[in-house]
Amino acid sequence: MNKVQTPQHVKEGRKDKSPEAAQVETTHDIGDFLKEIAGNRVAIENVSPEIDGGRFPARIAVGEPFQVEADVFCDGHDKIDAAFLVRRHDETEWHEHPLVFVENDRWRGSVVLGQNTRYLYTVIAWRDLFAYWRYEVTKKHGAGVPIHLELMEGRTLVERALKGERGGEKDKAALRDLLACIDATEDDGDHLSHLMAHDTAALMKRAGPRTDLSRYDNELELIVDRKAAAFSAWYEMMPRSQSGDANRHGTFDDVIKRLPYVRDLGFDVLYFPPIHPIGKKNRKGKNNSLTPSETDPGSPYAIGSEEGGHDALHPELGTFEDFARLIDAARDHGLEIAIDFAIQCSPDHPWIKQHPEWFDWRPDGSIKYAENPPKKYEDIVNVDFYREGAFPSLWYALRDVVLFWCEKGIKIFRVDNPHTKPFPFWEWMIRGVQDRYPETIFLAEAFTRPKVMARLAKVGFNQSYSYFTWRNTKAELTQYLTELTTSETRHFMRPNFFANTPDINPVFLHASGRAGFQIRLLLAATLGGNYGIYNGFEVLDAEPVPGKEEYLNSEKYEIRAWDWDRPGHIRPDIRLMNKLRRDHPALQSFTNVTFYNAWNDNILFYGKATPGRDDFLLFMVNLDPHNPQGAHFEIPLWEFGLPDEGSIEMEDLVTGERIVWHGKTQHWWLDPNQRPYAIWRLVPPGEIR
């Protein structure tokens, strides 16, 4: 836009011109300025979603409705209309979808997009002269005011539509027929009947002129991910602990034998921490000891040895042929393999000799180890993304590592500590990978400050770890879920509610017993579109390092053999949760949670429903793992248009029992020694069994 209001803008570069010439150019600038602003008479503001003024894309998944909103208004009292335009990034033709008026100049529309790719969208609006003509004529005719001239004006609008560019041959033929019907009689009543017909209104909406057609300034980007980015259940395991013998290193073939177990629990993503060669220098021993024995396997996060680096496999796990067989076997079991992308290197990593310029070196010539004071991780070193000689070669090398694994069949990556690496790197790398493999999913393992976590989601991460692991009380859970599902972050950040991880043994689980694990499972699986557990959760493994959120005898530093039939295990609860998630569309969305009244701070009561309420689930959970708790609560009869004294049938999704609730207020009791949760489906009135 020419800033003609700034005198200096006119003067600069024109000092050698005559006053007359300068005046001509200034007049020309003003003319362009007037044309530009006059061409957008209808105001379009506050478009949503628009992330940071369009700097970053919004995100949805295939099959999810993409909803666009905008404030749209114009001067005067004319009728206006609006739409939003969508196209694939590699298309030139826009596809139009209507916006409808909501209230207070707010308009809204939605579309379901079916391809895993990038799209662009924007908003248009215009004055609808025929709609305003109908409005005026209706009022005047109702008041007995003569409308002969108005009918002539209406016919003129139809003629303009016929001469215009909008509408196909079928609409043009209908317009000619309409004019012929009008011209066949001089009776104003007949004219009015033809012009006011609903078919005419629809015809003119399709083919009529769009006066003062205005367009939003920005074309915004939308990324449509595959469904697994928004809805997935993860099971994490250490492959080396799958032999069943603490004295024998597990292999990929051992993992293949475990696939039926994971499948039967109902998970769809099987995730491995790093599977690359492990360095020996400064290797960690059992329980993070600095004095390992010769048989200690070391931490898988100390990546790299003489056997290779990030594009190699730890030899004791197997070969690439074994790994390919595992991927195929997992697919046959309905599972997808996810692996870790952890950028740190062991002191033995080949890159240190091949590319010393990628690392930080201390004044005495020693390499700088990773630190998080007072912690010092001497078994790993970090790369320096902006060190002279590292940019851009290091960036390309890391991107090529991800592409290497994509070519091996891996399309899901859990990224270790992404908040300690540059945002621009992630934005560039993720975009580059997804341009080639749009189905690729990146999970950000970043337990850090909220704005940093949000930025990682903006720059491209499809999923994000969250604070769910530390939200335990009714107030904490309600506040946090409300924030995640109603604030702007819902347009670009998808949390993955991991109940535990190899690094996090939540304090809540240390002494909560079986009920505590059931509580956290229910919350993770039913509140989150994505959720996960780390193996051991199902057998109530929670023995901590005293005073810390860390596991005693952690698999990060030793091979373990698990007793999967340990008394008290909660495998039936896990199967139930994953079955409900698969069977009920209401659980396949994240932002549709609603919290309802239950008058006890230890009882959390919430619901999830499909837009048409044909699948409406209610969840009640006792957040106290030690004591029975009860509460009066409100059944949301109003969601079905029923009065407070109305009745509704409910199906208990745990027991299969059906009963009828009479009245809005009910009471329920939950004993954690039996089952700390209840799950109900509200049966829509009139549903046929």
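Rules behind the numbers
- Residues numbered from 1 in each chain as written.
- Predicted model: local features only at pLDDT ≥ 70, side-chain atom pairs only at ≥ 80, totals over all residues.
- Heavy atoms only, no water.
- Helix = DSSP H or I, 4+ residues; strand = E, 2+ residues; numbered from the N terminus.
- Contact = heavy atoms within 4.5 Å.
- Areas by Shrake-Rupley, 256 points an atom, 1.4 Å probe, with all protein chains shown as cover.
- Core = buried A, V, L, I, M, F, W, Y, C linked by side-chain atoms within 4.5 Å.
- Buried < 20%, exposed > 50% of the residue type's maximum accessible area, 1.4 Å probe, protein only.
- Domains from an automatic or database assignment.
- Pairing = 2+ DSSP bridges.
- Expected span 1.5 Å × (residues − 1).
- Bend = angle between axes of the 7 residues up to and from the residue.
- Phe/Tyr/Trp six-rings, centres within 6.5 Å; stacked < 30°, edge-to-face > 60°.
- Axes fitted to C-alpha atoms, helices over the stretch in contact; angles between N-to-C directions.
- Parallel < 35°, antiparallel > 145°, perpendicular 65-115°, else oblique.
- Left-handed = near helix turned anticlockwise from the far one by under 90°.
- Nonpolar A, V, L, I, M, F, W, Y, C, P; charged D, E, K, R; others polar.
- pLDDT = per-residue confidence, 0-100.

**Looking at the overall build of the protein chain**
Secondary structure assignment for the protein chain yields 17 helices and 27 strands. In terms of overall dimensions, the protein chain has a C-alpha envelope of 100 × 85 × 45 Å along the principal axes. Taking as baseline every contact in the protein chain between residues at least 6 positions apart, the subset at least 24 positions apart corresponds to 75%. With an accessible surface of roughly 31400 Å², the protein chain has 50% of that area assigned to carbon and sulfur atoms.

**Some thoughts on the nonpolar core**
Residues Tyr235, Phe323, Phe341, Trp426, Leu523 and Tyr531 are the most contacted members of the largest nonpolar core, which totals 110 residues. The element that contributes the greatest number of residues to this core is helix H11 (residues 393-407), accounting for nine residues. Counting residues domain by domain, this core receives three or more from each of domain 3 (226-585) and domain 4 (593-683). If you look at the next biggest cluster of nonpolar residues, it comprises 26 residues, including Val47, Ala58, Ile80 and Leu99.

**Re the pairing of strand E5 (residues 95-103)**
Pairing between strand E4 (residues 80-88) and E5: five bridges, direction antiparallel. Bridge pairing in E5 links leucine 85 to glutamate 96. A loop of six residues connects E4 with E5, the two strands running antiparallel in sequence. Inspection of the sheet shows E5 paired to strand E6 (residues 106-112) by three bridges, in the antiparallel sense. Its bridge partner lying in E6, phenylalanine 101 is registered against tryptophan 107.

**Things to note about the environment of lysine 286**
Locating lysine 286 in the fold gives a position in the loop between strand E11 (269-272) and helix H9 (320-332). The sequence separation of lysine 286 and proline 297 amounts to 11 residues, and the corresponding C-alpha distance is 8.9 Å. Here lysine 286 is in contact with Asp296, Asn553, Tyr557 and Glu558, once residues within four sequence places are set aside.

**Some details on helix H8 (residues 252-265)**
With 14 residues, H8 ought to run about 20 Å at 1.5 Å a step, and its terminal C-alpha atoms sit 20 Å apart, in line with that. The largest bend along H8 measures about 40° and falls at arginine 258, with the proline proline 260 one to four residues further on. For H8, every residue scored as buried is listed here: Phe252, Asp254, Val255, Arg258, Leu259, Tyr261, Val262 and Leu265. For H8, the elements touching its buried residues are strand E10 (232-236), E11, H9 and helix H17 (571-583). In the segment just after H8, glycine 266 is the residue with positive phi, at about 100°.

**Looking at unusual backbone geometry**
Cis geometry is found at the peptide bond from serine 48 to proline 49, where omega equals 0°. Tracing the backbone through its elements, the reader meets proline 49 in the loop between strand E1 (43-48) and strand E2 (58-61). Cis rather than trans, the peptide bond between phenylalanine 391 and proline 392 has omega equal to 5°. Here proline 392 is to be found in the loop between strand E14 (375-381) and H11. You will see that aspartate 212, though not glycine, has its phi angle at about 55°, which is positive. Its place among the elements puts aspartate 212 in strand E8 (residues 211-215). Look at aspartate 212 and you get partly exposed, because its relative accessible area is 25%.

**What about the packing of aromatic side chains?**
Two descriptors summarise a pair of aromatic rings, namely the distance from one centre to the other and the angle between the planes of the rings. Summed over all chains, the structure comprises 49 aromatic pairs. With a centroid separation of 5.4 Å and 50° between ring planes, the pair formed by tyrosine 235 and phenylalanine 267 is classed as tilted. Taken as a pair, tyrosine 235 in strand E10 and phenylalanine 267 in the loop between H8 and E11 lie far apart in primary sequence, 32 residues in all. Both residues of the pair, tyrosine 235 and phenylalanine 267, count as buried. One aromatic cluster is present, formed by Phe341, Phe385, Tyr386, Phe391, Trp395, Tyr396, Phe413, Phe425, Trp426, Trp428, Phe442 and Phe461 through successive ring pairs.

**Quick look at the packing of helix H3 (residues 129-142) against helix H6 (residues 188-196)**
Look at H3 against H6: their axes get within 11 Å of each other, and the N-to-C directions meet at 135°. By the angle class used here, H3 and H6 are oblique. When you trace H3 past H6, the crossing you get is left-handed. For the pair H3 and H6, contact is made by Phe130, Trp133, Arg134, Val137, Thr138 and His141 and by Leu192, Leu195 and Met196, respectively. Tallied by class, residues from the contact of H3 with H6 come to six nonpolar, two polar and one charged.

**Considerations on the confidence of the model for the protein chain**
Looking at the protein chain, the pLDDT average stands at 94 and 96% of residues meet or exceed 70. For the stretch residues 1-15, pLDDT sits under 50, and the model shows 15 contacts to residues farther than four places along the chain or on other chains.

**A word on the domain arrangement of the protein chain**
Domain annotation of the protein chain identifies domain 1 (43-128 + 217-224), domain 2 (129-209), domain 3 (226-585) and domain 4 (593-683). With centres defined by C-alpha atoms, the gap from domain 1 to domain 4 works out at 37 Å.

**A look at the sheet that holds strand E17 (residues 463-464)**
If you trace the eight strands from one edge of the open sheet to the other, you get E17-E16-E15-E12-E11-E10-E19-E18, paired in parallel fashion. Both outer strands of the open sheet, E17 and strand E18 (496-498), are each paired with one neighbouring strand and no more. Two strands pair when backbone bridges link them, and strand E12 (residues 336-341) and strand E15 (residues 412-416) are joined in this way by three bridges, in the parallel orientation. Residue pairing across strands places aspartate 340 opposite arginine 414, the latter belonging to E15.

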